[in-house]
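# Commentary on secondary and tertiary structure
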Amino acid sequence: MTGTVRNPVGTVAVVGGGLAGITAALALQEAGLRATVYEARPRLGGATHSFRRDGLTVDNGQHIFLKCCTAYQGLLGRLGAHDLVRVQDRFDVRVLTPDGGGGRLRRAKAPGPLHLLPALAGYSLLPPSDRLRAVRASLALDRLDTADPELDKASMGGWLAGHGQRERARLALWELFVTAALNIRLDEAALGPAAFVCKTALLGRADAADIGVPAVPLGELHGTIAARKIEEGGGSVRLGAKVTAVEDGPKLLVDGSPVGADAVVVAVPHRVASTLVPEEACPDRATWAGLGSSPIVNVHVVYDRPVLDEPFVAAIDSPAQWVFDRTRIGGLASGQYLAVSVSAADRWIDTPTAEIREVFLAELARLFPAARAARVTDFFVTRERHATFRQGPGSGALRPASATRLPWLFLAGAWTDTGWPDTMEGAVRSGLSAARLVRRHLSGAGGVSGR
C-alpha cells in the first residue's frame, strides 16, 4: 500500500453523502469510530437536497415521512432537528377532483385498523358499494404475511382486482397512496412492498400514517446540519470528492489518490455501487441492474396571490397527484409557491417544460378556483430520472444484504434489503444496519481489520 494515506485506527470511509451515508456516519461516531464521508457532489443530502433560484429556496422534490418512520425520526433526533419538522395531529388528507368535487380521509380516534373505517365509510369519492369492498380488501391485506417471498412475485393491481376493487376504487383510494409511497403504478407494483406500506402505515397503529413534512429546506436539514453534526462528532465530510474504486487493503481511490480505512460503507445508488464494489465482494452485482429506476417529476409554480389554503392536498382524475404549499419554506415574501409532486412519472420525465406548463397550469386552475384569476410569476420543473428503484414483481429478490463477502466492506442505501420500500425510512435503516455490522467487524478484529 505504498503511497496510500493511512487514516487513524478505527476509521471508516463512507462513500456517499445521502441519508444512508449520513446515518451510517453519525451512528458510527456514537460508537467511538471516526467516519469520513466522501461525496462527489458539492453537497450532502443525496436525493433530498435544495438549490437556489432567483431568491427562492427550492427542494428538488417534496419529501414526507410518516409517524411509523421511526428510524428517520431517530435521525432527526441525532441531528437535533425534531423542531424543524411538522407532523399532523391526526392523519387528514383532502382529496380534490378537477370538476370541483372532493372528499376527505381523516382517521378516527380508535385503535388500528378500526381508526380508518369511519373515513372509508364516509369517503364521498367512492360509491357506498366500493367503500364496503375497500373495507373488505383492507382487512384481507392486513392478514397477508409481507415477509412471504411469494408476495414479491405478484402485482398489487392483480391482487386488488382479485379482491373486488373496481377502477374507481383503484384511482380514488389505492393509487393515491401506493403510487406515492412506491413510485410505481398499481399494476406494476410488487404486492409485497405495497402490502407492507398499507399494513404498516394505514392498517397499523392508529397514528402510523400521520404525515410529517420538513419545516426548513432539505438542504439545511440533510445538508448543513448533518455536515455540522458529523464534524462536531470528530468525523469529516469531503465534498466534491469522487471515489472511483474500492480496493482490498481496504482503500479507496479518491480523485485518483489512494486513501486507507479500517472499513468501508458504500452508500450510493445501485447503478453506481455496481461499478465500485469489487466482484469478489458481490459476485452477483451485475444483477442489481435489474432493479431499474422509476422517475419523479416536480412541477413548481409561483403565483402572485394565495390559491391554496392548506399545507397540502391530494388530487385524483388529474396528473397533479399531490400539491404542497412551499411558500414559507421557499422564502417567498408575497404570493404563493406550490410544488406538485408526480410519482411514477414516466409520462412526464422527457416531456418539454412548455408542454408540462400548459397541462399543469390548466389542471391547477381546475383544482383551485383562485388560481384562475392569479398571475403566474415563475414556473419550472425538476426531474429525478432515477428517484427510486423500480419496485415491481421480482425486485425484492434482487436487493442485496448490507454485508458482502469482504469482511470490511458493507452496502447501504434504500435499494438494499432493508425490509422497507425505497423511502427515506429505508435509506436511514440501511445506514443503521451498515454501522451495526461495521462495529461488529471492527470489534471482532480488535479495532482494526488486518492490513
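A quick note: this is a predicted structure, and the numbers were derived from the prediction, not measured. (Residues numbered from 1 in each chain as written. Predicted model: local features only at pLDDT ≥ 70, side-chain atom pairs only at ≥ 80, totals over all residues. Heavy atoms only, no water.)

With that settled, consider the side chain of Glu-175. Take Glu-175: it is sitting in helix α6 (residues 167–182). The exposure class of Glu-175 is buried, given its relative accessible area of 12%. Within the structure, Glu-175 has its side chain in polar contact with the side chain of Thr-179 (distance 2.3 Å). (Helix = DSSP H or I, 4+ residues; strand = E, 2+ residues; numbered from the N terminus. Buried < 20%, exposed > 50% of the residue type's maximum accessible area, 1.4 Å probe, protein only. Polar contact = N/O pair within 3.5 Å; in protein donor to acceptor, adjacent residues only side chain to side chain.)

Let us now look at the sheet that holds strand β7 (residues 92–96). Taken in spatial order, the seven strands line up as β8-β7-β16-β17-β18-β15-β19 in an open sheet, and their pairing is mixed. Every other strand in the sheet has two partners, leaving β8 (102–106) and β19 (376–388) as the edge strands with one partner each. Pairwise comparison of adjacent strand axes, ignoring direction, gives a mean angle of 25° for this sheet. Strand direction decides the pairing type here: strand β15 (residues 294–303) and strand β18 (residues 336–342), joined by seven bridges, are antiparallel. Pairing of Tyr-303 across the sheet is with Gln-336, part of β18. (Pairing = 2+ DSSP bridges. Axes fitted to C-alpha atoms, helices over the stretch in contact; angles between N-to-C directions.)

Along its sequence, the protein is organised into domain 1 (11–46 + 219–282 + 404–444), domain 2 (102–209) and domain 3 (294–388). The centre of domain 2, based on its C-alpha atoms, is set 26 Å off from the matching centre of domain 3. Listed as interface residues are 13 residues of domain 2 and, on the opposing side, 14 residues of domain 3. Summing both sides of the interface, domain 2 and domain 3 together bury roughly 940 Å²; the carbon and sulfur share of this comes to 49%. With a closest N to O distance of 3.1 Å, Glu-310 and Arg-104 form a salt bridge. Linking domain 2 to domain 3 there are six residue pairs in polar contact (both at pLDDT 80 or more). For the side of domain 2 that touches domain 3, the per-class residue count stands at eight nonpolar, two polar and three charged. (Domains from an automatic or database assignment. Contact = heavy atoms within 4.5 Å. Buried area = accessible area lost by both parts, 1.4 Å probe. Salt bridge = Lys/Arg side-chain N within 4 Å of Asp/Glu carboxyl O. Nonpolar A, V, L, I, M, F, W, Y, C, P; charged D, E, K, R; others polar.)

Summed over the entire model, instances satisfying the criterion amount to 29 salt bridges. Between Arg-94 and Asp-309 there is a salt bridge; the shortest N-O distance is 3.9 Å. On the criterion of sequence distance, the pair formed by Arg-94 in strand β7 and Asp-309 in the loop between β15 and β16 (312–315) is long-range, its members being 215 residues apart. Owing to a relative accessible area of 23%, Arg-94 belongs among the partly exposed residues under this scheme. Exposure remark for Asp-309: the relative accessible area of 69% places this residue in the exposed category. Within the structure, one salt-bridge network assembled from shared partners comprises Asp-92, Arg-94, Arg-104, Arg-106, Asp-309 and Glu-310.

Moving on, we get to the packing of helix α2 (residues 70–79) against helix α12 (residues 424–444). Packed helix pairs are characterised by how far apart their axes lie and by the angle those axes make with each other. Interaxial distance between α2 and α12 falls to 7 Å at its minimum, and their mutual angle equals 70°. For the element pair α2 / α12, the angle class is roughly perpendicular. For the pair α2 and α12, the crossing hand works out as left-handed. Mapping the contact onto sequence places Thr-70, Ala-71, Tyr-72, Leu-75 and Arg-78 in α2 and Met-424, Glu-425, Val-428, Arg-429 and Leu-432 in α12. (Parallel < 35°, antiparallel > 145°, perpendicular 65-115°, else oblique. Left-handed = near helix turned anticlockwise from the far one by under 90°.)

Moving on to the packing of aromatic side chains. Under the defined criterion, the tally for this structure stands at eight aromatic pairs. Taking 6.0 Å as the distance between ring centres and 50° as the angle between the ring planes, the aromatic pair formed by Phe-91 and Phe-177 counts as tilted. Remark: Phe-177 occurs in helix α6 and Phe-91 occurs in the loop between β6 (85–87) and β7; sequence separation between them is 86 residues. Like Phe-177, Phe-91 is buried. With 5.7 Å between their ring centres and 40° between their planes, Phe-312 and Phe-324 make a pair best called tilted. One end of the pair, Phe-312, is in strand β16; the other, Phe-324, is in strand β17 (residues 322–325), with twelve residues separating them in the sequence. An aromatic cluster is defined as three or more aromatic residues linked by ring pairs; in this entry it consists of Phe-91, Phe-177, Phe-312, Trp-322 and Phe-324. Sitting above the plane of the Trp-348 ring, Arg-347 keeps its charged end 3.9 Å from the centroid. (Phe/Tyr/Trp six-rings, centres within 6.5 Å; stacked < 30°, edge-to-face > 60°. Lys NZ or Arg CZ within 6 Å of the ring centre and 35° of its normal.)

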